[in-house]
Amino acid sequence: MATGIELATLGHRIRHHRLDRGFTLDELGAKVGVAGSQLSLIENGKREPKLSLLQAIAQATGTDVTDLISGEPPNHRAALEIELERVQTSAVFRQLGVPAVRVTKAMSDETIEAILGLHRELQRRESEAIATPEEARRANTELRLKMRALDNYLPDIETLAEQQLKAAGHTSGALSHRTVSIMAEQLGFELIYAGDLPHSARSVTDLENGRIYLPPASIPGGHGLRSMALQAMAHRLLGHTVPTDYADFLQQRLEINYYAACCLIPRGAGVAFLQNAKKERNLAVEDFRDAFGVTHEAAGMRMTNLMTTHLDTRLHFLRVDADGAISRVFENDGLPLPEDVTGSIEGQLACRKFSARKAFDQQNRTTEHYQYTDTPAGTFWCSTQTGATDAGEFSITVGVPFDDARWFRGRETQNRATSTCPEESCCRRAPSDLTTKWKGKAWPSARVHTHMFSPLPRGAFPGVDDGEVYSFLERHAG
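First, a word on what this report is: a plain description of the structure on this page. (Residues numbered from 1 in each chain as written. Predicted model: local features only at pLDDT ≥ 70, side-chain atom pairs only at ≥ 80, totals over all residues. Heavy atoms only, no water.)

**Some points on the state of the cysteines**
Counted by the stated rule, this structure contains 0 disulfides. Summary of cysteine pairing: Cys262 is not part of a disulfide, and the nearest cysteine sulfur, belonging to Cys263, is at 6.8 Å. Classification of Cys262 as buried rests on a relative accessible area of 1%. Residue Cys426 stays outside any disulfide, its sulfur separated by 3.7 Å from that of Cys351, the closest cysteine. We classify Cys426 as buried; its relative accessible area is 11%. (Disulfide = S-S within 2.5 Å. Buried < 20%, exposed > 50% of the residue type's maximum accessible area, 1.4 Å probe, protein only.)

**So, the sheet that holds strand S9 (residues 416-418)**
Spatial strand order, S5-S4-S8-S7-S6-S9: 6 strands in an open sheet with mixed pairing. The sheet is open, and its two edges are formed by strand S5 (326-331) and S9, each paired on a single side. Each neighbouring strand pair of the sheet contributes to a mean axis angle of 25 degrees, computed without reference to strand direction. Summarising the sheet, strand S7 (residues 378-389) and strand S8 (residues 392-401) pair through 10 bridges and their orientation is antiparallel. Note on S8: the bridge partner recorded for Gly387 is Phe394. (Pairing = 2+ DSSP bridges. Helix = DSSP H or I, 4+ residues; strand = E, 2+ residues; numbered from the N terminus. Axes fitted to C-alpha atoms, helices over the stretch in contact; angles between N-to-C directions.)

**Looking at the packing of helix H15 (residues 285-292) against helix H16 (residues 296-311)**
Relative to each other, H15 and H16 sit at 105 degrees, their axes nearing to 8 Å. The angle between H15 and H16 places the two elements in the roughly perpendicular class. Here Val285, Glu286, Phe288 and Arg289 of H15 lie close against H16, whose contacting residues are His296, Ala299, Gly300, Arg302, Met303 and Leu306. (Parallel < 35°, antiparallel > 145°, perpendicular 65-115°, else oblique. Contact = heavy atoms within 4.5 Å.)

**Side note on the pattern of salt bridges**
Oppositely charged side chains can pair when the atoms bearing their charge come close. As enumerated under the stated definition, the model contains 18 salt bridges in all. As a salt-bridge pair, Arg267 and Glu162 come within 2.9 Å of each other at their nearest N and O atoms. With Arg267 in helix H14 (residues 267-279) and Glu162 in helix H10 (residues 155-167), this pair connects stretches of sequence that are 105 residues apart. Relative accessible area serves as the criterion here: at 16%, Arg267 is assigned to the buried category. Here Glu162 falls in the partly exposed class, since its relative accessible area comes to 29%. The shortest N-O distance in the salt bridge between Glu297 and Arg328 comes to 3.2 Å. Taken as a pair, Glu297 in helix H16 and Arg328 in strand S5 lie far apart in primary sequence, 31 residues in all. Judged by its relative accessible area of 16%, Glu297 falls in the buried class. (Salt bridge = Lys/Arg side-chain N within 4 Å of Asp/Glu carboxyl O.)

Following this line, the structure appears as structure tokens:
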């Protein structure tokens, strides 16, 4: 599937060759067997043509398909129009809440260049304002975009997990703690639960003595401990070495989390469960969660791994804190999400109209909150479950475009909202009467997330206090 910018370039190249041959839209349409109005949509980048139509257009205009689909604009004017279209769909421009400039034939190149100059200066100032240590956020954004392009699916790790599960004798049902222990033993490790783990470490692997130390949280069979043990094993299975930079650190974290998810909800069993639920039009995160004995969040994220590749369903996932900040996100269905000039979504505030935030208003939180939300990109259906930790409340949301809601439980909900975010008039701006009453008469003190001031420490183990780890190992090595 071509991207929006590629479609815009394709449309300009088709228009260039049409005009070069002196055809009107209707004349070329008659030659290739479609209405002129359909060609107009294609030339304006609003519709993707089939290959057979491209071949007919190429033949009618005396060119070839490879020329039509070239990524280069056909001329300087087209390049200006394509760049203007791109910047006017950017998050920085949409936050202004002003209408986009419509390019006409009468508009001169100089006028477009002047508008583009303003956009470039706006982008420069936004970049300059955020030019503080942003290595982690930029690396996280790059990784999120990479996984979006892959539909959040890593087949090599899926296969590795299936092999390890088979070797340990796991066949069906929830993965037991005993099976996790067997998987560790097959790698030459013993699982040990220690109450004095370094505060900065989730687990510690003693390579010298073949031990994986885990915290003794609740009983040694919970989802969290199984997941941490599997993540520790994944470092060895995937051949990880000490990260060289933050991007490498985040890539490793993603891979070990992915491996653990593949073990807790194996691909074969997970896909079979989801396919059967879809056949019955009864897809639900809570059923998926309960079938494999995992958390609601783990079940929702695992659905993002499997549903696009195996069920041809695009979707989105959000973990949102009670203050509205997005802490974890995936989308490949086009849901409009807030982002800063670097493209970072994590840390941004979700729209107040989204199900992810409306669910906090529900008195009965024992069941999922269902909602349809109309957005500038279309209507989306969402299912949201709230939860709480020592750090505070959060919500987990899984949603799909309107047409795919028919496969999910809760599709009959009457809850509906309209979101125009990122326009500030949607939910960021106070009502005019309240603004008039309180402007200049109040001064709130903002709560700042501590992670904003906590760069990843450099050392033998990035993100972990080296001294604590070595002292811990010394205590337990005997």
